[in-house]
Amino acid sequence: MASDMSLAGRRRVQLALLLTPVSLFFAVFFLGPLTIMIVTSFLAPGLYGGVEWVFYPHNYGRILGFADPAFEIFDPVYLAIFLRSLKIAAFTVIATLFVCYPAAFCIARLSERWKNFCLFLITLPFFTSLIVRLFIWVLILRQTGIVNEVLLAGGIIDRPLELIYTDGAIVLGMVYIFIPFMFMPVYASVEKLDWTLVRASLDLGAGPIRTFIRIILPLTAPGIAGGAIIVFIPALGNFVVPAVLGGAKVMMLGNLIEQQFLSARNWPFGSALAMMVMCAMLVLLFVYVLASGRRGADVMN
Amino acid sequence: MKIARFLFRGSLFAYTGLFFAFIYIPLVLIAVYSFNSNPVNMMTWTGFTTEWYAQVLGFKTTISENALYIESTDQLVQAVWNSLIIAGSTTVIATVLGTAVAIALYRFAFFGKRFYRTVMFMPMLMPDIVLGIALLIFFVNSGIKLGLTTIIIGQCTFLISYVFIVVSARLAGMDRTLENASADLGANEWVTFRKVVFPQLLPGIVGGALLAFIISMDDLVITYFIAGVDVTTLPMFIFAMLRRGIKPEINAIAVMMLSFSFVVASLGLYLRSRQK
């Protein structure tokens, strides 16, 4: 009995040794900062960039339209930027899916060796510098970039096209950096796809299109949903891609937040904007978990 | 029917070819054009040169100075050093802490296990910018001076998660019967851990550490917010250059960075495939 107790005691000490450092670290440097950010988003901006400790919901009012004119003025431009960010993120998800989905089917049916090689080629860019990969697209798309040079030299156009500093350029840049994020979950569900069901559907007289819609699409839906979420979340709050490929013209939530923190110095308003990104993320995750039920719980684990 | 199927498969292959072309042609383009001698229009080929590499590496060149903006290579070297110091420290801290949690969650059943798991995943799902500004507000309020220390702490918050996931995956695939055999044969817990568990776990730990190192070297958003005014890392340096306008020597820097991460990543992925 005594040795049992000491065994249990020793295990408790081991567990404490393993968990305490991380628990402290996360409490202080992760949950702490998040809490402070949430609190800050409800405080009033100070005159010279600080905060004033009064409850001040008008930061949100300024974005969402219930601002009290005595404190803040509702400017629809912020809501417009939020909606535009949602739109660009949604387009990014759709475009990434179109790029990755057919390729996943092709790669899933290759031999083991080729499959592994292809997966290696797809994951490799993930490990290379993001800023460098975006920079290449500046060289390709800008006025004197390679696309315009080639088109001009070929006589197809006589004036350079405006390719860079557009919404399209931002979506293209995001698709380029988020390909591995979408491909991996989609590929995982395509590889698991039970082809006997597809064959059965075809044998029973369903056409290829009907088989795709009724069998293949629902069976790969979990991968598509997973990929969509892990692309949408970083796309929504992204500020590097619009900063590099969107120029000064195209503003997204990320740039607006950066501006509030580093130049406008209105931290409470910036925090409120960041909370909008967080809320969008939480809503998405909630819907995802609800929609996929138990499967969602498994994925989270 | 057969022809239709053939056409379908053919177009699927062609599509996949285009898919890889989309990923890799830009990388090939930059590698080629980094040797272009045209200082004004970088995408119009005027001849082969290695001047830009020489310029970046600090050798004497014949380029007129105003075409460039690395006033001295010192800035670049300093940025590289900062990135290496940060990546080195974060890798050690994140690997130790991430591995500890992974082992704790694997071996012990305790109250709040689910909570720990969820919290460990949160920093990865969290948009970078949110974590970046939350840390900025926190550091400024707590009076910690922004600089190398704050970057190291800030990056660890999400690097721990990456290490945790890689090590957990390795633990989940481990053979528990070996542990039992070792215990049955009279080895105590510590010996079993050192001789049986740890060697099996090592590839996961090394993989997690490599991943943490690469992600730390590449992190821009979180570092950008908590770096303060004195410290610049390599990605921040390039970001600043891009915002000022593009000059040819960025090409050379970009190609060197790509080569470096290609080598490290290939090595990591190769090691992992060998371990399977």
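Residues numbered from 1 in each chain as written. Chains lettered and ligands numbered in written order. Predicted model: local features only at pLDDT ≥ 70, side-chain atom pairs only at ≥ 80, totals over all residues. Heavy atoms only, no water.

The subject of this paragraph is the domain arrangement of chain B. As far as domains go, chain B holds domain 1 (2–67) and domain 2 (73–245). Computed over C-alpha atoms, the centres of domain 1 of chain B and domain 2 of chain B are 33 Å apart. (Domains from an automatic or database assignment.)

Any two aromatic rings considered together are summarised by their centre-to-centre distance and by the angle between their planes. All told, the structure shown has 35 aromatic pairs over all chains when counted by the stated rule. Measuring from centroid to centroid gives 6.2 Å for Phe105(A) and Trp195(A), while their planes differ by 80°, and the two rings are edge-to-face. Here Phe105(A) is found in helix α3 (residues 76–108), whereas its partner Trp195(A) is found in helix α8 (residues 195–203), with 90 residues between them in sequence. On the accessibility criterion, Phe105(A) (11% relative accessible area) is buried. Since its relative accessible area comes to 25%, Trp195(A) is described here as partly exposed. Every member of this aromatic cluster is reached through a ring pair, and the members are Phe25(A), Phe26(A), Phe29(A), Phe30(A), Phe138(B) and Phe139(B). The residue whose ring lies beneath Arg62(A) is Phe269(A), and the NZ or CZ to ring-centre distance is 3.9 Å. Arg109(A) extends its terminal NZ or CZ atom over the ring of Trp195(A), reaching a point 4.5 Å from the ring centre. (Phe/Tyr/Trp six-rings, centres within 6.5 Å; stacked < 30°, edge-to-face > 60°. Helix = DSSP H or I, 4+ residues; strand = E, 2+ residues; numbered from the N terminus. Buried < 20%, exposed > 50% of the residue type's maximum accessible area, 1.4 Å probe, protein only. Lys NZ or Arg CZ within 6 Å of the ring centre and 35° of its normal.)

A word on the pattern of salt bridges. If you walk through the whole model with that rule in mind, you get six salt bridges over all chains. With a closest N to O distance of 3.2 Å, Arg107(B) and Glu179(B) form a salt bridge. Linking Arg107(B) in helix α3 (residues 73–107) with Glu179(B) in helix α7 (residues 176–184), this pair joins segments that are 72 residues apart in sequence. Put simply, Arg84(A), Lys87(A) and Asp167(A) are held in one network by salt bridges that share partners. (Salt bridge = Lys/Arg side-chain N within 4 Å of Asp/Glu carboxyl O.)

A few words on the nonpolar core. With 174 residues, the main nonpolar core has Phe183(A) and Phe19(B) as its most contacted residues. It is α3(A) that contributes the most residues to this core, 15 residues altogether. Looking at which domains feed residues into this core, each of domain 1 (2–67) and domain 2 (73–245) of chain B supplies at least three. Among the nonpolar cores identified, the runner-up in size contains five residues, and Ile229(A), Ile233(A), Met281(A) and Tyr288(A) belong to it. (Core = buried A, V, L, I, M, F, W, Y, C linked by side-chain atoms within 4.5 Å.)

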